[in-house]
Amino acid sequence: MKQPLRHAALLLLQPFFQQIQRKRLQAIPIQGKRVVVMLVPGTDSISGGILSIYAFYLATQKILGKQANVLLGTYPNKITSLRYRWFRNEGQLIRFNLILDALEADQEVCLHLLEYYVPYFLRELTTEQKIKLQSIKRLHINVMNQNIQLMPAPEVISQLRQLTECITITTAHISYTTPALRQLYAAPTHLLTAWFEQQEVEKVPYSQKENVMIVSPDEHPDKHKVLDRIRQAFPSLKLIVIKNMKYDDFKVLEAKAKWAISFGEGFDGYTVLPALKGGVTFSVFNEDFFQLKYRALPTFYPSYEALYENLVADMQRLDNAPAYETYNSEMCALFQQEHSYEKYLQRVREFYQQEYTLA
């Protein structure tokens, strides 16, 4: 269904969806219990950010268990679907308006907001909704800083103090989890990192890999030039740009692809997880997202010019089992120092215990 038609259909279905969501909420007796709300877009929004929030949602359920109700709330006063359809999940979307109406003043409530959405959230709340949030005595708002380049200015984050003095920030990258960030925003800051799976990942050996390169969908001025050079050097290599693909299909592809390249942040879902699944990945080093130690990996290039000049030769050098698996082990040794499912769960546990990285 084309986007305008889908939007129109969703608009017509809102009263019906609201009835279903109200029944969902009635089946979850939240009064008197701790409530955690992950605020997310109400309609299908295909992004790694949503996947990482869903992983956070599942980890929160696992850590808190019966101590809290963990909900996926959709943006206030917007249209909403009942669930996301582009990846396999058990998340039920409930409009924030209904959740807010059900909350009581003496409850403990933790509200997680995506960094880019903070200014919209403050603008789109009605006066009555702001008063209701202000009435919750133990309201904790956490800003999920998944991309430092999308983080609003400190004065925008400070406006959240209209609602509560309890403000924290969680970060998705070690590179910007710094005392300077904590000081700039005057809020306790905790490293979560980003995780996209629901468990540890399994490594696939070179012998079982297919002659496929995953390409991130990000746009970059040098992207076509780089991909053309790869095609010329490896005419039998299948280049797959990830677009309009269900996430479950992507996970299968991610495990069997021999190579992956990111034209976006660089240290993201197109470089870390494919490597942890046994692949070799390429990107340009970006100090906003990479720790300095990753400069040691030769397939994380200092510039796009260096990537263009060296990538083909590096692929040729690595395209044999001994070299490929040795290099993959080198990549994984660095990644696994900080990135694993167990480490992720531990960080989530520390957050809810208020054991912040930078208190």
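Criteria and thresholds
Residues numbered from 1 in each chain as written. Predicted model: local features only at pLDDT ≥ 70, side-chain atom pairs only at ≥ 80, totals over all residues. Heavy atoms only, no water. Helix = DSSP H or I, 4+ residues; strand = E, 2+ residues; numbered from the N terminus. Rg over C-alpha atoms; globule rule 2.2 N^0.38 Å. Buried < 20%, exposed > 50% of the residue type's maximum accessible area, 1.4 Å probe, protein only. Lys, Arg positive; Asp, Glu negative; His and termini not counted. Charge placed at Lys NZ, Arg CZ, Asp CG, Glu CD. Pairing = 2+ DSSP bridges. Contact = heavy atoms within 4.5 Å. Axes fitted to C-alpha atoms, helices over the stretch in contact; angles between N-to-C directions. Phe/Tyr/Trp six-rings, centres within 6.5 Å; stacked < 30°, edge-to-face > 60°. Lys NZ or Arg CZ within 6 Å of the ring centre and 35° of its normal.

Can you tell me about the overall build of the chain, naming the residues and giving the values?
Looking only at helices and strands, the chain features 13 helices and 12 strands. The C-alpha radius of gyration of the chain comes to 22 Å, within 12% of the 21 Å expected for a compact globule of 359 residues. Going through the 359 residues of the chain one by one, you find that 54% of them count as buried. Across the chain, 40 positive and 36 negative side-chain charges occur, with their mean positions spaced 7 Å apart.

Give a description of the environment of Leu 273 that names residues and reports values.
For Leu 273, the position within the fold is in helix α10 (residues 272-276). When the C-alpha positions of Leu 273 and Leu 163 are compared, they lie 37 Å apart, and in sequence the two are 110 residues distant.

Can you explain the sheet that holds strand β8 (residues 210-215)? Please cite residues and give values.
Paired through backbone hydrogen bonds, the strands of a sheet run either parallel or antiparallel to each other. Judged by pairing direction, the sheet is parallel, and its 5 strands sit side by side in the order β9-β8-β10-β11-β12 without closing on themselves. Every other strand in the sheet has two partners, leaving β9 (238-241) and β12 (300-301) as the edge strands with one partner each. Where β8 lies against β9, 4 bridges are found, and the strand directions are parallel. Paired with Met 213 across the strands is Leu 239, a residue of β9. In this fold helix α12 (residues 321-335) packs onto β10 (257-261), β11 (280-284) and β12, with an angle of close to 60 degrees to the strand it touches most, β11.

Kindly report on the sheet that holds strand β5 (residues 138-145), identifying the contributing residues and their values.
Pairing within the open sheet is parallel, and its 7 strands lie in the order β3-β2-β1-β4-β5-β6-β7. Edge positions in the sheet fall to β3 (93-95) and β7 (189-191), since each has one partner strand and no second. Pairs of neighbouring strands in the sheet enclose a mean axial angle of 30 degrees, with direction left out of account. Helix α2 (residues 48-64) rests against β1 (34-40), β2 (68-74), β4 (108-114) and β5 of the sheet, and its axis sits at about 170 degrees to β1.

Go over the packing of aromatic side chains with me, naming the residues and quoting the values.
On inspection of all chains with the given rule, the structure shows 30 aromatic pairs. For the ring pair Tyr 117 and Tyr 120, a centre distance of 6.3 Å and an interplane angle of 20 degrees mean the geometry is stacked. Look at Tyr 120 and you get partly exposed, because its relative accessible area is 39%. One aromatic cluster is present, formed by Tyr 75, Phe 96, Tyr 116, Tyr 117, Tyr 120 and Phe 121 through successive ring pairs. Above the face of the Tyr 308 ring, Lys 225 is positioned so that its terminal group lies 4.6 Å from the ring centre. For the cation-ring pair, Arg 229 lies above Tyr 308, with the distance from its terminal atom to the ring centre recorded as 4.5 Å.

Outline unusual backbone geometry, listing residues and values.
For Ala 186, which is not glycine, the phi dihedral falls at a positive 50 degrees. With respect to the element layout, Ala 186 can be found in the loop between α7 (179-185) and β7. A residue is classified by how much of its surface remains accessible, and Ala 186, at 49% relative accessible area, is partly exposed. Positioned with a positive phi, Asn 244 is a non-glycine residue whose angle comes to about 50 degrees. Along the chain, the position of Asn 244 falls in the loop between β9 and α9 (247-256).

As far as function goes, none of this settles anything; it's purely spatial.
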